[in-house]
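# A look at the structure
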Amino acid sequence: ENLLMLSNLVRRTGLAQLSPQEVDIAMMKYTRRERRKHGEDLFVISRDQFGKFIREIIPREASKQFDRTESENFSNYFTNFFTCFDYNWSDLKKDEVNAKELMVGFSFLCAGNKSAKLAAAFDILDVANNGYLTQKGLMQYLRSYLTMLAGISLLSSTKNITTQIRKRLLSPRRHDAFLAVQNGAHWTLGHFLRAFEAEMQQEGMKRNNAVTFEDFAKWYTEGGYVVAPWLELLDLNKFLSLIGESSRPSPRHAYDKTIADILFTFPLANNQSLVVLREDAKYVCSVVTELGLLSLTSEEIWETLCSDVAASMKKRSNTQKSISMEVDQDTFVECMLRVMKRKARAPKEKSSEGTFSPKEVFKNFFLSFDIEQSNRVALNQLMCGLTLLCGGKKSSKLVFAFGLFDGHDTKEVKNGRKKPSMGREDFVNFFRSFLIVMFSCCNQSLDLSGDAVSQYIADTAHSITKDVMAFQWRTKKLDRVKFENFSEWYNEGGFETAPWLELLDLNKWVLIDRKEQSDSSAKQSNSPTLAATVTEASAQSPYQGFRDLISTPKVGGETSDVGGRNC
């Protein structure tokens, strides 16, 4: 019940769309600053001022939509949160709390993933902008999170119970509960300090009671997550996934779309989303069908394209053959048209529907990658993106695309003589190439500026790369990642971080209507086709093959309670 109440609170008040930094700025306007011993500054907020702060951050338009029960419940929730921090951890008066500690706990209700919130809270407590926290500051850091978790655990939909909880929070009996919070913070801090001091000794370094966020993040990544797994709940999407929900807001441009219009909504960095509409899938289906791409694997296209481009570029600029060689638009388009003619069939000047020409498709494809407008794009990045539109399974496409960024000859990789590996920059380009094509295929990009789309793609590519490299360092202590390591990352949680990689399987979205039609025809004739067999394997799911792949909400608040992996 408390999670349901939390979900309702962050959604209805709009807190799930505010960053911790935005909320901190608002809260500071209602605090007073006190100078303490040793020159320390303490920001204090009273219960009355906290009430004014709450009224400011909740938009009037939102509060007008609350019914009487919601207004009473939300008011009681915020009152109880404040009371949880109104404990004798400092020499403040009754009904006064440390505003910075309260803000750290309050970040549970805000937008952002776990990493962003941890970093923001660290900065919030670093009042002097030293770039580090002392042991005392780290204790405040951990205790603030646990205090807020205690407050969240007390949420109830019943007014009488909420009132009773508030009374208990003010009674002497609350000491036992807050002693548990204090002990939990001490225990976690002890584990961190032992590991931190051991590392400092090993490196022959000494810190005078100064811990940076990088120090804490490294500890957490390399095993601290076992000591303090509750920090994972800072990501509201993970927290609310315990009840099959997500706090991720619907993209603004998709509000006017009906549920039937939308196939999937995928999470991106910085609380953004990639929205795939049914009409997007139909458009891509028409493109890949007209171009004959479905009948070709990535390897078949690459084998001809790479040699053809190399020959053309050598004639023009004496460029040597390389998977990362740069190509200009005219050369790429000419070569792709020749590849289509040789491998599939001669492309028509116009599609059967008269909506596009193959030449224009490949021109626009190139321009999507030419971010700097230099008319030069690395061929391996273009091919990686093109992989999305080819035939073949997701796993095969990933293996192939992975090899494009290693520098090894793809035949040697395929024959097993060399195992490709990638570094940080390789992964950024790898993820970025897929995302460029995905956005290019979706109407969503028409509602955004070019700069906004580029920012979404760049932020997401870097965020996921950081996650992959952290996993590799934590598990292997290596800064190069082989495909089996990448697969391990994906299976152990990466499928939640980058669920849009499932779009590499065109049967999951582009050909979904075709499969539905095949399924219907097969049932009528009692002669099951391959497509019908695939569809029937997930007959209980209205989302076809996606039930075992992702866990992400659809616009309108509905969710698909699914999860899956298998890279």
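Refer to the structure presented above.
Summary of the structure given here. (Residues numbered from 1 in each chain as written. Predicted model: local features only at pLDDT ≥ 70, side-chain atom pairs only at ≥ 80, totals over all residues. Heavy atoms only, no water.)

## With respect to the overall build of the chain
Condition: Helix and strand definitions follow DSSP, with helices as H or I runs of at least four residues and strands as E runs of at least two, each counted in order from the N terminus. In this scheme, a residue with accessible area under 20% of its type's maximum is buried, one over 50% is exposed, and one in between is partly exposed, where area comes from a 1.4 Å probe on protein chains only. Any two residues whose heavy atoms approach within 4.5 Å at even a single point are treated as in contact. Using a 1.4 Å probe, accessible areas were evaluated by the Shrake-Rupley method; residue-level cover was limited to the displayed protein chains.
A tally of regular secondary structure across the chain gives 24 helices and nine strands. Counting all 567 residues of the chain, 52% fall into the buried class. Taking the contacts inside the chain whose residues are at least 6 apart along the sequence as the reference set, 70% of them involve residues at least 24 apart. Here the chain displays about 27000 Å² of accessible surface, and carbon together with sulfur accounts for 48% of that area.

## Comments concerning the environment of Pro420
Locating Pro420 in the fold gives a position in the loop between helix 19 (410-414) and strand 8 (421-422). Expressed as a C-alpha distance, the spacing of Pro420 and Phe402, which sit 18 residues apart in the sequence, is 7.2 Å.

## Observations concerning the packing of aromatic side chains
So the rule is basically this: Any pair of Phe, Tyr and Trp rings, taking the six-membered ring for Trp, is counted once the centres come within 6.5 Å. Such a pair is stacked with planes under 30 degrees apart, edge-to-face with planes over 60 apart, and tilted for the rest. The criterion for a charge sitting over a ring is simple: Lys NZ or Arg CZ within 6 Å of the ring centre, and within 35 degrees of the ring normal.
Across all of its chains, the model carries 42 aromatic pairs by this definition. An angle of 65 degrees between the planes, with centres 5.8 Å apart, marks the rings of Phe53 and Phe106 as edge-to-face. Here the residue Phe53 occupies a position in helix 3 (residues 47-57), and Phe106 occupies one in helix 6 (residues 99-106), the gap between them amounting to 53 residues. Each of the two residues, Phe53 as well as Phe106, counts as buried. With a centroid separation of 5.3 Å and 40 degrees between ring planes, the pair formed by Phe365 and Phe369 is classed as tilted. One end of the pair, Phe365, and the other, Phe369, are both in helix 16 (residues 358-369), four residues apart, so they sit about a helical turn from each other. Neither residue differs from the other here; Phe365 and Phe369 are each classed as buried. An aromatic cluster is present here, built from Phe108, Phe122, Tyr141, Tyr145, Phe192, Phe196, Phe213, Phe216, Trp219, Tyr220 and Tyr225 joined pairwise through their rings. The cationic tip of Lys100 hangs over the ring face of Phe43; the distance from NZ or CZ to the ring centre is 5.3 Å.

## Observations concerning helix 8 (residues 135-153)
Definition in use: By this rule, a helix spans an expected 1.5 Å times one less than how many residues it contains.
In this model, helix 8 (19 residues) spans 27 Å end to end at C-alpha, consistent with the 27 Å of a helix rising 1.5 Å per residue. With 15 of its 19 residues buried, helix 8 lies for the most part within the structure.

## What about the nonpolar core?
Stated formally: Only buried residues count toward a nonpolar core. Its members are Ala, Val, Leu, Ile, Met, Phe, Trp, Tyr and Cys residues joined through side-chain atoms within 4.5 Å.
In this structure, Ile301, Phe332, Phe430, Phe486, Trp500 and Trp509 are the most contacted members of the largest nonpolar core, which totals 86 residues. Among the elements that take part in this core, helix 20 (residues 424-440) stands out by supplying ten residues, more than any other. Core analysis: the second largest hydrophobic core is formed by 73 residues, Leu3, Leu6, Tyr30 and Leu193 among them.

## Section: the pairing of strand 2 (residues 41-46)
Rule in force here: Pairs of strands are assigned from DSSP output, requiring at least two bridges between the strands.
In terms of burial, strand 2 is a largely internal element, five of the six residues being buried. Both strand 1 (residues 32-35) and strand 2 contribute to a ladder of four bridges, which runs antiparallel. What sits directly across from Arg35, in strand 2, is Asp41. With three bridges connecting them, strand 2 and strand 3 (residues 96-98) associate as antiparallel partners.

## Overview of the packing of helix 7 (residues 114-125) against helix 8
This is how it is decided: Working convention: axes come from line fits to C-alpha atoms, limited for helices to the stretch in contact. Angles between N-to-C directions cover 0 to 180 degrees. Angle categories: roughly parallel below 35 degrees, roughly antiparallel above 145, roughly perpendicular from 65 to 115, and oblique for all the rest. Handedness of a helix crossing follows the sense of rotation of the near helix relative to the far helix, less than a right angle counterclockwise being left-handed and clockwise being right-handed. Basically, the charged four are Asp, Glu, Lys and Arg, the nonpolar ten are Ala, Val, Leu, Ile, Met, Phe, Trp, Tyr, Cys and Pro, and anything else, Gly included, counts as polar.
Interhelical geometry of helix 7 versus helix 8 gives an angle of 130 degrees and a closest axis separation of 10 Å. Our classification of the angle between helix 7 and helix 8 gives oblique. In the crossing of helix 7 with helix 8, the sense of the turn from one axis to the other is right-handed. Facing helix 7, whose interface residues are Lys117, Leu118, Ala121, Phe122 and Leu125, helix 8 presents Gly137, Leu138, Gln140, Tyr141 and Tyr145. Residues belonging to the contact of helix 7 with helix 8 are distributed by class as follows: seven nonpolar, two polar and one charged.

## Details of the sheet that holds strand 1
Taken together, three strands build an open sheet; the order of strands is 1-2-3 and the sheet is antiparallel. Each edge of the open sheet is held by one strand with a lone partner, namely strand 1 and strand 3. Between one strand axis and the next, the sheet turns through 40 degrees on average, direction left out of account.

## Structural notes on helix 6
The element helix 6 is largely enclosed, with a buried count of eight among its eight residues. By the burial criterion, the buried members of helix 6 are Ala99, Lys100, Glu101, Leu102, Met103, Val104, Gly105 and Phe106.

## Section: the environment of Gln272
Within the element layout of this structure, Gln272 appears in the loop between strand 4 (262-267) and strand 5 (273-277). Along the primary structure Gln272 and Tyr456 are separated by 184 residues, whereas in three dimensions their C-alpha atoms are 7.4 Å apart.

## Things to note about the environment of Asn237
Position of Asn237 among the secondary structure elements: in helix 12 (residues 236-240). For Asn237, a relative accessible area of 16% gives the class buried.

## Some words on the packing of helix 18 (residues 394-403) against helix 22 (residues 483-497)
Contact geometry for helix 18 and helix 22: axes closest at 11 Å, N-to-C directions at 135 degrees. As the angle between them shows, helix 18 and helix 22 are arranged oblique. As for how helix 18 packs across helix 22, the hand of that crossing is right-handed. Contact residues: Lys394, Leu398, Val399 and Phe402 in helix 18; Phe483, Phe486 and Tyr490 in helix 22.

## Some words on unusual backbone geometry
Even without a glycine there, the phi angle at Asp95 is positive, about 65 degrees. Mapped onto the fold, Asp95 is located in the loop between helix 5 (68-85) and strand 3. With a relative accessible area of 28%, Asp95 lands in the partly exposed category. Positive phi outside glycine occurs at Asn129, with the angle close to 55 degrees. Position of Asn129 among the secondary structure elements: in the loop between helix 7 and helix 8.

## Describing the pairing of strand 5
Of all five residues in strand 5, five are buried, a share of seventy percent or more. Here five bridges tie strand 4 to strand 5, and the two strands are oriented antiparallel to one another. Bridged to Phe266 within strand 5 is Leu274. Connecting strand 4 to the antiparallel partner strand 5 that follows it, the hairpin turn spans five residues, and Asn270 within it adopts a positive phi of roughly 55 degrees.

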